[in-house]
Amino acid sequence: QVHLQESGPGLVKPSETLSLTCSVSGSSVTSDYYWGWIRQPPGKGLEWIANVHQRGSTYYNPSLKSRATVSVDSSKNQFSLILSSVTATDTAVYYCARGRTGIVYFDYWGQGSLVTVSS
Amino acid sequence: QSVLTQPPSVSGAPGQRVTISCTGSSSSIGAGYEVHWYQHLPGTAPKLLIYGSTNRPSGVPDRFSGSKSGTSASLAISGLQAEDEGDYYCQSYDNSLGVFYVFGTGTKVTVL
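Computed from a predicted structure; not experimentally measured. (Residues numbered from 1 in each chain as written. Chains lettered and ligands numbered in written order. Predicted model: local features only at pLDDT ≥ 70, side-chain atom pairs only at ≥ 80, totals over all residues. Heavy atoms only, no water.)

Caption draft 1: Fine view of the overall build of chain A. The helix and strand tally for chain A stands at zero helices and 11 strands. A compact globule built from 119 residues would reach a C-alpha radius of gyration of about 14 Å, and chain A, at 13 Å, matches this within 12%. Overall size of chain A, expressed as C-alpha extent along the three principal axes, is 40 × 25 × 25 Å. Taking all 119 residues of chain A together, the buried fraction comes to 48%. Expressed as a percentage of contacts within chain A between residues at least 6 apart in sequence, the contacts between residues at least 24 apart total 54%. Of the roughly 5,300 Å² of accessible surface on chain A, 47% is carried by carbon and sulfur atoms. Counting 9 positive and 7 negative side-chain charges, chain A places the averaged centre of each group 3 Å from the other. (Helix = DSSP H or I, 4+ residues; strand = E, 2+ residues; numbered from the N terminus. Rg over C-alpha atoms; globule rule 2.2 N^0.38 Å. Buried < 20%, exposed > 50% of the residue type's maximum accessible area, 1.4 Å probe, protein only. Contact = heavy atoms within 4.5 Å. Areas by Shrake-Rupley, 256 points an atom, 1.4 Å probe, with all protein chains shown as cover. Lys, Arg positive; Asp, Glu negative; His and termini not counted. Charge placed at Lys NZ, Arg CZ, Asp CG, Glu CD.)

Caption draft 2: Main features of the side chain of N51 of chain A. With respect to the helices and strands, N51 of chain A occurs in strand β5 (residues 47-53). Overall, the relative accessible area of 0% leaves N51 of chain A in the buried class. At 2.7 Å, the side chain of N51 of chain A forms a polar contact with the side chain of Y101 of chain B. Setting aside residues up to four positions removed in sequence, N51 of chain A forms contacts with Y34, W35, G36, W37, S57, T58, Y59, V70 and F106 of chain A together with F100 and Y101 of chain B. (Polar contact = N/O pair within 3.5 Å; in protein donor to acceptor, adjacent residues only side chain to side chain.)

Caption draft 3: Representation of the sheet that holds strand β1 (residues 3-7) of chain A in the model. All names here are of chain A. Strand order in the open sheet formed by four strands is β1-β3-β8-β7, with antiparallel pairing between adjacent strands. Looking at the sheet topology across the chains shown, the edges are occupied by β1 and β7 (68-73). Neighbouring strand axes in the sheet, compared pairwise and without regard to direction, differ in orientation by 20 degrees on average. Examined bridge by bridge, strand β3 (residues 18-25) and strand β8 (residues 78-83) share six bridges and lie antiparallel to one another. Directly across from S19, in β8, lies its bridge partner I82. (Pairing = 2+ DSSP bridges. Axes fitted to C-alpha atoms, helices over the stretch in contact; angles between N-to-C directions.)

In structure tokens form, the structure reads like this:
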């Protein structure tokens, strides 16, 4: 059974950096999948942020590309998201997920981690 | 950034059939890209319901079915049950945006 779990601080100050980690069990981050981040601001819909593949390929939503960085840590079977220069509009539930290659969709998701940007 | 439009809400009595539409454009669903559906129940992780427009992952009841035609897709839930109450999202690709995954606006399903 594939399980993903997000972890990170629930509160980040404006202009600072948001850092989240996704721990994966039941699947290896070195397998042929994308590992992705999606967020949902309060009362709004889902927004894809970025994907990373163990080969080192990264893909970003153009609206966030300049601020987002994703990476894989195969030694810990984890992958991470860093989002710099956050503002209140970055307040959201952040989900990590496993993405299929070829026809792109997410087949397993974490439960989500609420990150609030506030001073 | 949603370029896939869904009705905000649908409702039905237990046992009834409801459908959720997902309307895209010539650069998304109309360009032949597949549509995928997710169920998001309160307090749980989103769950893949339909992939490749019509396929159910193992473990998803056959009460859930998907279809696609032209620039739109639909998710049908037959034999509606109380545990189906939650939010449903479609997802595809849009070649005009450079975004790998575009999600629908979301639909709240209420079981009366």
